[in-house]
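Single-letter residue listing:
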Amino acid sequence: MRKSDFLNAKFIIGASCLLLILTLAIFGNVITGHDPQEQDLMSSLQPPGFSNGGYYLGTDHLGRDILARMASGARVSIVIATAIVLISGVFGVLYGALSGYWGGFRDIVLQKIVETFWAFPPILLALAILAFFGQSLANIIIALAIQRWIPYCRIARAQALVLRNREFVAASQIMGAGTGWVVTRHILPNLLSAAIVIATFSMAGAILAEASLSFLGLGVPPEIPTWGGMLAEGRSYVVGAWWIAVFPGLGIFFTVLGLNLLGDWLRDLLDPKAALNLR
Amino acid sequence: MVRAIAWRVAGVVPVLFLVTLVLFLLLRLAPGDAADLLVPDDASEAEILRIRERWGLDRPLLEQYFSFLLNLLKLDLGRSYRYGADVFELIASRVPATIELATLALLAASLIAIPLGILAALRKGTAVDGAVSVFAIAGVSTPTFWLGILLVLLFSAELHLLPSGGRLPYGVQLPERTGLHLVDAMLAGRFDLLGLIASQLILPVMTLAFSMVGIISRITRGAIIDVAQEEFITTSVAKGLTRGAIIRHHLLPNATVPITTILGLELGVLISGSIIVEVVFSWPGLGTLLYQSISVRDIPLVTGIVVTYTTLFILINVVIDVIYFIIDPRIRASQGA
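Cut-offs and rules
- Residues numbered from 1 in each chain as written.
- Chains lettered and ligands numbered in written order.
- Predicted model: local features only at pLDDT ≥ 70, side-chain atom pairs only at ≥ 80, totals over all residues.
- Heavy atoms only, no water.
- Helix = DSSP H or I, 4+ residues; strand = E, 2+ residues; numbered from the N terminus.
- Buried < 20%, exposed > 50% of the residue type's maximum accessible area, 1.4 Å probe, protein only.
- Domains from an automatic or database assignment.
- Contact = heavy atoms within 4.5 Å.
- Buried area = accessible area lost by both parts, 1.4 Å probe.
- Salt bridge = Lys/Arg side-chain N within 4 Å of Asp/Glu carboxyl O.
- Axes fitted to C-alpha atoms, helices over the stretch in contact; angles between N-to-C directions.
- Parallel < 35°, antiparallel > 145°, perpendicular 65-115°, else oblique.
- Left-handed = near helix turned anticlockwise from the far one by under 90°.
- Nonpolar A, V, L, I, M, F, W, Y, C, P; charged D, E, K, R; others polar.
- Phe/Tyr/Trp six-rings, centres within 6.5 Å; stacked < 30°, edge-to-face > 60°.
- Lys NZ or Arg CZ within 6 Å of the ring centre and 35° of its normal.
- Expected span 1.5 Å × (residues − 1).
- Bend = angle between axes of the 7 residues up to and from the residue.
- Core = buried A, V, L, I, M, F, W, Y, C linked by side-chain atoms within 4.5 Å.
- Polar contact = N/O pair within 3.5 Å; in protein donor to acceptor, adjacent residues only side chain to side chain.

1. Examining the overall build of chain A
- Across its full length, chain A holds eleven helices and zero strands.
- In chain A, the order of α-helices and β-strands from amino to carboxyl end is α-α-α-α-α-α-α-α-α-α-α.
- Its C-alpha atoms give chain A principal-axis dimensions of about 75 × 50 × 30 Å.
- Each of the 279 residues in chain A was classed as buried or not, and the buried ones make up 55%.

Written out as structure tokens, the structure is:
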């Protein structure tokens, strides 16, 4: 197998996984015709099939349609993970770029803060925040973004440290450019491909983390259907009703797998280390 | 070398200081009165007053932080209001279960992943290599809790081979000395219990190890391939050494440093993964305790557990750095030891 074939395989499988999930998110509720919250106790724990009143993926213990709940779960996961990635990406890049560009004492202080946040084991700080502040969509986004900005900060700072001593930056400063100009015009464009690669992997991590928190019942409020929540609620019924556990898990698996494969493919394609010219 | 190690160990103090500051600020930023957070909902006025006194909530912010820090240093965060027991005593009673699970999982993952990674590197570009890559990416994409549920469904519910959770079967008594059940059983001479204890361990350990096998094998593979491109390997080939001798004496010893690094990086996965695995398998460790304390918003207990996990995390990272000093002469030399 040649290298380019392998790259294509990564892209094709990764993109297909994500396409599948996006189709589910957009058209899932059109296909089933059932509402994700609608309870039908007469047809609870129906196995998947085509001859059971339109519950193609079966029903859970309350007779709710798994397909409809899968579709809303997909939307919730995508929206939350996108918000986390956007917030942490923008914040991390700006923080790192400024820290590196300023240098000196301000850099030392800003990096001490980075080190402190990095000292917490992953998820733990998120759990503490959710425990202290309570559960809400906003809190889960903050809780999961609070460590995710650090990788962006690292690359942005490294890039800024290199660029601030280059002649074109000095020339720009001599012509009167301020910090804002140098950061947005000279430092950020050089970071784009590295940031995109980090964002892809980070989105995979954010989806897994959100699902884990929702599974623990500490994430998205329980009245909103999520993949993690479906697994948690259906856990006591899975013996004899495998579909309750299998489908939401597959949803998470395909999304995360797709993002990881695309991330790998992008990393090879964009070669962020070369693009960053850190030497 | 001793100086470099001492310096690294001393560096932990400011980090721990800042970590507790972050936790304290989060606690104070939380909505509502801090005293309300720290007592159960049905607390009396007198109790609230006592808590205010204890945490110094009537004094300026800086003083409050120092009394928080002092309480932490004395390992005294008061009583958990769900269990009514001392927070740190409660934590200490749960730590061994977590350590037992986490060490065995890391051991199992390394024993599977490192040989797998070496094999993939030595057979680079073949089907074996491809299979390891696929396995690795599937491993990091599988939600731990889902895998746990599926394993229970298969091995407990369908095949009736292994228990679905818990640490000891109902009714079995074991004198606790270390809290590590395998060790306790051996100390007590109850070798008949070892099988029972192991059967309880298999599913949680497998679940937790699975997420790590992928990454460890991939990084091992990368480390071996990097070393294989070094000039001293070319030299040993030119010198006429056998393939086996090169692998044993030149390739593997030089790959130990990057492999130690990933074992350190996997520590985070180990901690966050173990919390979830413990909940799935009702494993009575620190993770389950954290989960239960968050569900009832038992804030003193949550704070104590977060501090404990973070301290463990930071300390183990130091231990890994010290191991570097010991196994890598280059790092030793560069530190001027």
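2. Section: the domain arrangement of chain B
Residue and element names in this part refer to chain B.
- Along its sequence, chain B is carved into domain 1 (2-73) and domain 2 (89-334).
- For domain 1 versus domain 2, the distance between C-alpha centres works out to 32 Å.
- Contacts between the two partners involve 14 residues from domain 1 and, on the opposite side, 15 residues from domain 2.
- The contact between domain 1 and domain 2 buries some 1,300 Å² in all, and 86% of this surface belongs to carbon and sulfur atoms.
- Scanning the region where domain 1 abuts domain 2 turns up one salt bridge.
- Notably, a salt bridge pairs D321 with R8, separated by 2.4 Å at the nearest N-O pair.
- Those elements giving two or more residues to the side of domain 1 that touches domain 2 turn out to be α1 (2-10), α2 (12-29), α3 (34-38) and α5 (61-73).
- Here the side of domain 1 that touches domain 2 takes six residues from α2, the largest share from any one element.

3. A few points about the packing of helix α6 (residues 87-122) of chain B against helix α12 (residues 243-280) of chain B
All names here are of chain B.
- Two numbers describe how α6 lies on α12: the axes approach to 8 Å, and their chain directions differ by 140 degrees. Judged by the inter-axis angle, α6 sits oblique to α12. Helix-helix and strand crossings are classified by hand; for α6 and α12 the assignment is right-handed. Two secondary-structure elements touch here, α6 through T98, L101, A102, A105, L106, S110, I114, I118 and L122 and α12 through R243, I247, L251, L252, I259, L263, L270, S274, V277 and E278.
- When the residues that make up the contact of α6 with α12 are grouped by side-chain class, the tally is 14 nonpolar, three polar and two charged.

4. Examining the packing of aromatic side chains
- Enumeration according to the criterion identifies 15 aromatic pairs over all chains in this entry.
- A centroid spacing of 4.5 Å and a plane angle of 10 degrees characterise the contact between F215 of chain A and F145 of chain B, whose relative ring orientation is stacked. With F215 of chain A in helix α8 (residues 179-215) and F145 of chain B in helix α8 (residues 144-158), this residue pair bridges two chains.
- A residue is classified by how much of its surface remains accessible, and F215 of chain A, at 5% relative accessible area, is buried.
- Note on F135 of chain B and F210 of chain B: the rings are 5.4 Å apart at their centroids and 90 degrees apart in plane angle, and the pair reads as edge-to-face. Of this pair, F135 of chain B sits in helix α7 (residues 127-141) while F210 of chain B sits in helix α10 (residues 194-228), placing them 75 residues apart in sequence.
- On the basis of relative accessibility, which here comes to 34%, the residue F135 of chain B falls in the partly exposed class.
- Classification of F210 of chain B by relative accessible area gives partly exposed; the value is 23%.
- Positioned over the ring face of W118 of chain A is R154 of chain A, at 5.3 Å from the centre of the ring.

5. Side note on α8 of chain B
- Between its first and last C-alpha, α8 of chain B extends 20 Å over 15 residues, near the 21 Å set by a 1.5 Å rise per residue.
- The axis of α8 of chain B is deflected most strongly, by about 25 degrees, at V152 of chain B.
- Buried within α8 of chain B are the following residues: T144, F145, W146, L147, G148, I149, L151, V152, L153 and S156 of chain B.
- Contacts from the buried residues of α8 of chain B go to α8, α9 (227-234) and α10 (243-270) of chain A together with α10 and α12 of chain B.
- Downstream of α8 of chain B by one or two residues, H160 of chain B has phi in the positive range, about 55 degrees.

6. Description of the nonpolar core
- Counting 187 residues, the largest nonpolar core has L127, F132 and I187 of chain A together with F145 and L290 of chain B as its most contacted members.
- Both domain 1 (2-73) and domain 2 (89-334) of chain B contribute no fewer than three residues apiece to this core.
- With residues up to four places along the chain from it excluded, the contact list for L127 of chain A reads L213 and L218 of chain A together with I275, L290 and I294 of chain B.

7. Considering the interface of chain B and chain A
- Taken together, the contact pairs 44 residues of chain B with 42 residues of chain A.
- D264 of chain A serves as the salt-bridge partner of R218 of chain B, at 3.3 Å between the closest nitrogen and oxygen.
- There are six residue pairs in polar contact (both at pLDDT 80 or more) connecting chain B and chain A.
- Every element with two or more residues in the side of chain B that touches chain A is listed here: α2, α7, α8, α12, α13 (286-295) and α14 (299-327) of chain B.

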